[in-house]
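Descriptive structure summary
The chain contents come next:
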Amino acid sequence: MTLISFVVPAFRVQGYLRECLDSILGQPFTDLEIIAVDDCSPDDSGEIIDEYAAGDRRVRAVRLAENVGLGPARNIGLDRAVGEYVWFVDGDDWLAPECLPAVVERLRSTRPDVLIVDHVRTHWNDTATRSAMHEVFAEQPGEGTFRLRDRPETMRLLHTAWNRVVRRRFLLDLGLRFAPGWYEDVSFSYPALMAAERIGVLDRVCVNYRQRRAGAITRTRGERHFEVFPQWHRVFRLMDRWGPGVDALRPAVFERMIWHYLTVLGNGQRIAPELRPAFFAQITADYARWLPPEGYPAPSGVEGLKHRLVATGRWRTFSALRAANRARDVARRSARTARRRVVPVARRNARRARDVLLREYYRAELRRPIDPTLAVYAAYWYRGFACNPAAIYEAARRLVPGVRGVWIVRRDRVATLPPGVEYVVAGTPAYYRTLARARWLVNNVNFPDFVRKRPGSVHLQTHHGTPVKVMGLDQQRYPIGAGRMDFAGLLRRVDRWDYSVTSNSFSTQMWDRAYPARYTTLEVGYPRNDRLVTATPEDVRRLRAELGIGLAEQVVLYAPTHREHLPNYRPPFDPDHFVEALGPSGRLLMRSHYFHDRYRRPRRAVDRQQVTDVSAYQRVEDLYLVADVLITDYSSAMFDYAVLNRPIVIYAPDWEAYRLARGVYFDITAEPPGAVAMTFDELLDLFRAGAVSSDAATRARQRFRARFCTLDDGHAAERVVRQVFLGEPAAPRGRC
């Protein structure tokens, strides 16, 4: 018999589900199964589950035809489990590395009905908070087992399903199931503890309880929080059914119920102000209904006062007490902030008067009405007309001619703009006026911190690549690569987004966790790749002629990415030896990352006719079109170029160092878009032997394209414009 069945329900957890499943499958213990239940999730959670089930026989996929909620989804997984024990792990949490052997040893040595494990709350800002286990147990339970009536303080541990491993036959004999609705853990965890004859506690952190910045019910306001009441009612009805055997536990259970109600009420992110009186009234009603005849251990101090106010139904006094406590906390925080807020004199003196005046001008313009016909575009920190914003601009000119598009560019990049494109220069009064009054703000990076999100304005974040390296909040785990990144500032910028464009489901999944906020994802393909799909052979011939490339030449584009943690790093690439391996009909185009000097020339080139530095060329899509082969390392160029279905070579001489320092989302050497070279000699050998276009490389490219390029059909920009500018609904994605 399988020892442990993990039941992993999944609903809107596409950004976290892989980490959850990997944390289970990567444990040094294999006698397990995972029943992964797609609760008709509208994102790609179901596809991720199918992918894992296809790759590992321990994973069993369950795809539900309709959304049933977390509790019923867990029940469905339980019904399919075969393990001696079952562990319900939520799809956005993950297990601590190498924790499972300790769990297994305790299960086998003590055979508990319920084994409670420790956890940490892992916050979005990469901090962690320990659980209350050591506070709950003044005297540690040790390795033995006990009954709840012998250690009633166990009920003070967090009452979730995921921090306990439960014997499956015990659940089946008890007939205990998860109830539908929110707070479903309440009516499962407490009854399981009350009925268990053998409870164990493992004082080891096994679960990382993710504190999501967006998307968690604990951060969602609404009437559904009233569902906590029927869950507790179910607990007491079960106690009534079980009779005198559990009566001794009623005082402790009652205290937990009132504590939980007050916790929910006190959380301003759950109960809206207009709903609080009704919520309080229900607490008072339950207090009178379930109060044990012998009383209960009420807390002391302020918490005890809250209980007494609940008992007497004194909402106004309770509300006034809450307001007074909040005001006191705000005053304390303000005092601490004031003590820390010391602006260096040098910094104040360094601010130029012109900047101050322009910012005041910007704030004044914010008070003027939004221009309903104005759209502002920018790309790569005002480097010019490029990338997804350029493609969207062109589509908008065609589809919504009444919208006036204005580009923001640096003064030194004005000459790169196409004829007829209206623009403002960054830092000028026109720049601040345009930013303040535009209805649409389109960028492939973030606008500066001073930009304010006006009611009625629409911020469209297009991004500028499918991520190989980790991005956003995920960089917190890689401080070397992140440098001095201001993550709090990043989130303030992300909170301005209304829409986020993604090119494939993989990007959607990664952005969900890297940039947690309440924007709408437009998974439509990359607008900048429309040109790669729609370009004709005549377009390619014209571009080759403009670049001085003959039709018979084999063109190789080398486009490595930037190393943020190694700003002076250059991959070991010798153009002299490369063109020798390429042969007399070969042409090498070299393009540095836009962070580098765009006019740096390759050194020691044997033949200038065979090597061209195209770093200053404005539209990289044109270079893709003329190239027969792409060489890159960790750049998003590989995803775009794959649209053309031409050979791609991964040249990754510093892969291990890059992966460890910068962090990556997947192993491009294991799932490449073509041939792979880890050294320069291997790269030369690939071209000399013709392995760049081998059958193996072609199969790898087809797998890569099927995963990342299916949405790039030439109409991505149109889809964006129709949804963002015209308000047309998105086409259904075929999910349940």
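Attention here is on the structure that accompanies the text. Since this is a predicted model, take the numbers as computed values, not measurements. (Residues numbered from 1 in each chain as written. Predicted model: local features only at pLDDT ≥ 70, side-chain atom pairs only at ≥ 80, totals over all residues. Heavy atoms only, no water.)

**Description of the packing of aromatic side chains**
Within the structure shown, the criterion is met by 48 aromatic pairs. Relative to tryptophan 232, the ring of tyrosine 190 has its centre 5.0 Å away and its plane inclined at 35°; by these criteria the two rings are tilted. Of this pair, tyrosine 190 sits in helix H7 (residues 186-195) while tryptophan 232 sits in helix H8 (residues 228-242); the two residues are 42 residues apart in sequence, bridging distant segments of the chain. Across this residue pair, the class does not change: tyrosine 190 and tryptophan 232 are buried. Seen from their ring centres, phenylalanine 506 and tyrosine 665 are 6.5 Å apart, and the 80° between their planes marks the pair as edge-to-face. (Phe/Tyr/Trp six-rings, centres within 6.5 Å; stacked < 30°, edge-to-face > 60°. Helix = DSSP H or I, 4+ residues; strand = E, 2+ residues; numbered from the N terminus. Buried < 20%, exposed > 50% of the residue type's maximum accessible area, 1.4 Å probe, protein only.)

**Let's talk about the sheet that holds strand S22 (residues 675-677)**
Strand order across the open sheet formed by six strands is S19-S18-S17-S20-S21-S22, with parallel pairing between neighbours. The outermost strands of the open sheet, each flanked by one partner alone, are strand S19 (611-613) and S22. Pairwise comparison of adjacent strand axes, ignoring direction, gives a mean angle of 20° for this sheet. In this fold helix H22 (residues 575-582) packs onto strand S17 (554-558), strand S18 (586-590), S19 and strand S20 (629-632), with an angle of close to 145° to the strand it touches most, S18. (Pairing = 2+ DSSP bridges. Axes fitted to C-alpha atoms, helices over the stretch in contact; angles between N-to-C directions. Contact = heavy atoms within 4.5 Å.)

**Considering the environment of alanine 661**
When you line up the elements, alanine 661 lands in helix H25 (residues 655-662). Classification of alanine 661 as buried rests on a relative accessible area of 12%. Sequence-distant contacts of alanine 661, that is, excluding residues within four places in its chain, are made with Tyr478, Ile480, Gly481 and His565.

**Points about the pattern of salt bridges**
One pass over the structure, following the stated rule, counts 47 salt bridges. Among the salt bridges present, the one from arginine 74 reaches aspartate 185, with a minimum N-O distance of 2.5 Å. Residue arginine 74 is located in helix H3 (residues 70-80), and its partner aspartate 185 is located in the loop between helix H6 (168-174) and H7; the two are separated by 111 residues in the primary sequence. A residue is classified by how much of its surface remains accessible, and arginine 74, at 0% relative accessible area, is buried. Arginine 147 is the partner of aspartate 150 in a salt bridge, and the nearest nitrogen-oxygen pair spans 3.6 Å. One salt-bridge network, held together by shared partners, links Arg74, Asp90, Glu184 and Asp185. (Salt bridge = Lys/Arg side-chain N within 4 Å of Asp/Glu carboxyl O.)

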